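Close look at the chain arrangement
So the chains spell out like this:
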Amino acid sequence: MSEPMHVDVDDWHQPLSLVQSPNTGLADGTPELVAGVRNTLIEHPAFASGITAIQRCHRMGRFGLEEPGCLLITGVAGSGKSTLRKEYARHYPRREADEGTEIPVLHLELPAQPTIKNVAERILLELGDPLFTRGSAEAMTSRIVTLFRNCRVELVMLDEFQHFIDNSSEKIEARVADWLKHLVNITKVPFVLMGLRRCHRILQSNEQLRRRFSRQIELKPFGNSDKRSRRIFDGLMRSIWTNLPVSPAPELVGDGDHLDRIHFATYGLMGYIMTLVSTSVEIVLNEKRPCIDQDVLSRAFVESIWPDACGHLNPFHPRFVCRPLTNDKEPFCGYAC
Ligand SMILES: Nc1ncnc2c1ncn2[C@@H]1O[C@H](COP(=O)(O)OP(=O)(O)OP(=O)(O)O)[C@@H](O)[C@H]1O
Ligand SMILES: [Mg+2]
């Protein structure tokens, strides 16, 4: 990806910062164009604040402080946590130096059903240890500490931290959480943990981990309920429309009613917004239609977000019920709490 354009992300008159995938524009087939839309990175305000928060954490990590400030980033599914992690890490790639591989930013997804051993294994694998499955938990931990030093690790980002709470029993993996605290202590490297909002419960139950992760931010969905949040959401949609390989119908751009419908259809979440838009682009290109209109959006919603959306439950239907789709069996059930 090329470097992003830097613009005032809080001003809807300006486009938000967009980074196109390298594929965009090189091929003219539908799959390439749709993939180009999916791979476009949007540096919206919450994304920019997330990058700044990680940067602050990272900078402090370079001073080898006894207790580096760590950060917890939470957000509902599709709010963009993993995108933030990958984009930050992309700017600090691993590099081969005379003394060996340097990994300034180590980042990974925690395994489902974590144990000390399988988490240590994942970290060792990412650090390039060929024997990542070998040894006791203690031996693995000490290899992690050595490799952090040798690879000059400055920041660690662990995604899917909610895996520390067992889905079915709700039991918190207290031993693994304690081990993680120990790892933060002995490596003296700042950690960024990321996951769903229930991650807070892990910190609530572990006061030592909580103290280390007292800095917390949430990647919130785009709002639509007050003037300022509508202005930002409108700015986001205008930027997206402007940068598509197909045009939106003129009535879609800057119209309050359509903005509301898109918000109901996506809950203001980047994941659903990009799914809705890229599926709409695909429909238009496949069917050689002139533009994205309400009918295209309605079909894209059913195809890619909620297959059961019948008539008045489809935000793009003329008689849509005009309420967030958060009831049981609806796409955003559980997102409001
Ligand atoms: N800043 C962004 N710019 C463009 N697209 C984005 C952005 N953030 C998220 N997306 C889109 O949303 C999709 C989901 O985002 P992501 O996987 O980062 O969410 P998440 O919060 O990690 O979700 P989960 O909790 O399910 O893992 C991405 O595949 C991407 O298409
Ligand atoms: Mg994720």
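None of the values given here were measured: they were computed from a predicted structure. (Residues numbered from 1 in each chain as written. Chains lettered and ligands numbered in written order. Predicted model: local features only at pLDDT ≥ 70, side-chain atom pairs only at ≥ 80, totals over all residues. Heavy atoms only, no water.)

1. Section: the domain arrangement of the protein
Put simply, the rule reads: Residue ranges labeled as domains rest on an automatic or database domain assignment. Contacts between residues were defined by any pair of non-hydrogen atoms, one from each residue, lying within 4.5 Å. Defined here as a combined quantity, buried area equals the accessible surface (1.4 Å probe) lost by two parts on assembly, summed across both.
Domain annotation for the protein reports domain 1 (66-218) and domain 2 (223-313). The gap between the C-alpha centroids of domain 1 and domain 2 is 36 Å. Tallying the contact residues gives four residues for domain 1 and four residues for domain 2. A combined buried area of about 240 Å² lies between domain 1 and domain 2, and 66% of that area is made up of carbon and sulfur atoms.

2. A closer look at unusual backbone geometry
This is how it is decided: Counting from the N terminus, the helices are DSSP H or I runs at least four residues long and the strands are E runs at least two residues long. Categorising residues by exposure relies on relative accessible area from a 1.4 Å probe, with only protein chains included: less than 20% of the type maximum marks a residue as buried, more than 50% marks it as exposed, and the intermediate range marks it as partly exposed.
The residue R152 is not glycine, and still its phi comes out positive at about 50 degrees. Its location among the elements puts R152 in the loop between α5 (137-150) and β7 (155-159). Exposure remark for R152: the relative accessible area of 49% places this residue in the partly exposed category. Positive phi, close to 65 degrees, is recorded for E160, a residue that is not glycine.

3. Topic: the site of ligand 1
Quick note on the threshold: For each residue, the test is whether any non-hydrogen atom lies within 4 Å of the molecule or strand; if one does, the residue is near. Whenever two N or O atoms come within 3.5 Å, that pair is a polar contact, provided that in protein one can donate a hydrogen and the other can accept it, and provided that, for residues adjacent in sequence, both atoms are side-chain atoms. The method behind every accessible area is Shrake-Rupley, applied with a 1.4 Å probe, and residues are considered shielded solely by the protein chains displayed. Grid points spaced at 1 Å and placed over the protein atoms alone form the basis of the search, with a cavity being a set where a 1.4 Å probe fits but cannot get out and a pocket an open set showing protein on both sides within 12 Å along at least five of seven lines. Lining residues have an atom within 4 Å of a point. To be counted as sitting in a cavity or pocket, a molecule needs more than half of its atoms within 2 Å of that site's grid points.
Lining the immediate environment of ligand 1, one finds 19 residues, of which R38, I42, K81, S82 and T83 sit closest. In this structure, K81 approaches ligand 1 through a side-chain N or O atom, which is 2.7 Å from an oxygen atom. At 3.4 Å from an oxygen atom of ligand 1 is found a main-chain nitrogen or oxygen belonging to G271. Contact with the protein chains removes 78% of the 630 Å² of surface that ligand 1 exposes when unbound. Judged by the proximity of its atoms to the pocket grid, ligand 1 belongs to the largest pocket.

4. Describing the packing of helix α10 (residues 256-266) against helix α11 (residues 270-286)
Any two packed helices are characterised by the angle at which their axes cross and by the distance between the axes. Rules: Axes here refer to lines fitted to C-alpha atoms; in helices the fit is confined to the stretch in contact. Angles between the N-to-C directions go from 0 to 180 degrees. Comment on the angle field: the value is read as roughly parallel under 35 degrees, roughly antiparallel over 145, roughly perpendicular from 65 to 115, and oblique elsewhere. Crossing handedness follows the turn of the near helix against the far one: under a right angle anticlockwise gives a left-handed crossing, and clockwise gives a right-handed one. Polarity classes work like this: nonpolar for Ala, Val, Leu, Ile, Met, Phe, Trp, Tyr, Cys and Pro, charged for Asp, Glu, Lys and Arg, and polar for all others, with Gly in that last group.
One way to put it is that α10 packs onto α11 with a least axis distance of 8 Å and a crossing angle of 115 degrees. In terms of axis orientation, α10 runs roughly perpendicular to α11. Crossing hand, α10 versus α11: right-handed. Every residue of α11 that contacts α10 at I262, A265 and T266 is listed here: Y272, I273 and L276. Considered class by class, the residues forming the contact of α10 with α11 number five nonpolar, one polar and no charged.

5. With respect to the side chain of S79
With respect to the helices and strands, the residue S79 is situated in the loop between β3 (71-74) and α3 (81-90). Side-chain polar atoms of S79 contact the backbone oxygen of V76, separated by 2.7 Å. Discounting chain neighbours no more than four positions away, the residues touching S79 are L219 and L269.

6. Description of the packing of α11 against helix α12 (residues 294-304)
Between α11 and α12, the least distance of the axes is 8 Å, while the angle of their chain directions is 115 degrees. Taken as a pair, α11 and α12 cross one another with a handedness that is right-handed. Here T275, L276, T279, S280, I283 and V284 of α11 lie close against α12, whose contacting residues are V296, L297, R299, A300, F301, E303 and S304. Of the residues assigned to the contact of α11 with α12, the class counts are seven nonpolar, four polar and two charged.

7. Considering the sheet that holds β3
Note the following rule: Note on pairing: DSSP must find at least two bridges between two strands before they are called paired.
A sheet is described by the order of its strands in space; here five strands give the open sequence β6-β7-β8-β3-β9, paired in parallel fashion. The sheet is open, and its two borders are formed by β6 (105-109) and β9 (215-218), each paired with just one other strand. Sheet twist, expressed as the mean angle between neighbouring strand axes with direction ignored, is 15 degrees. When β3 meets strand β8 (residues 191-195), the two strands line up parallel, connected through four bridges. The partner of L72 across the bridge, within β8, is L193. The sheet contacts of α3 involve β3, β6, β7 and β8, and relative to β6 the element is tilted by about 155 degrees.

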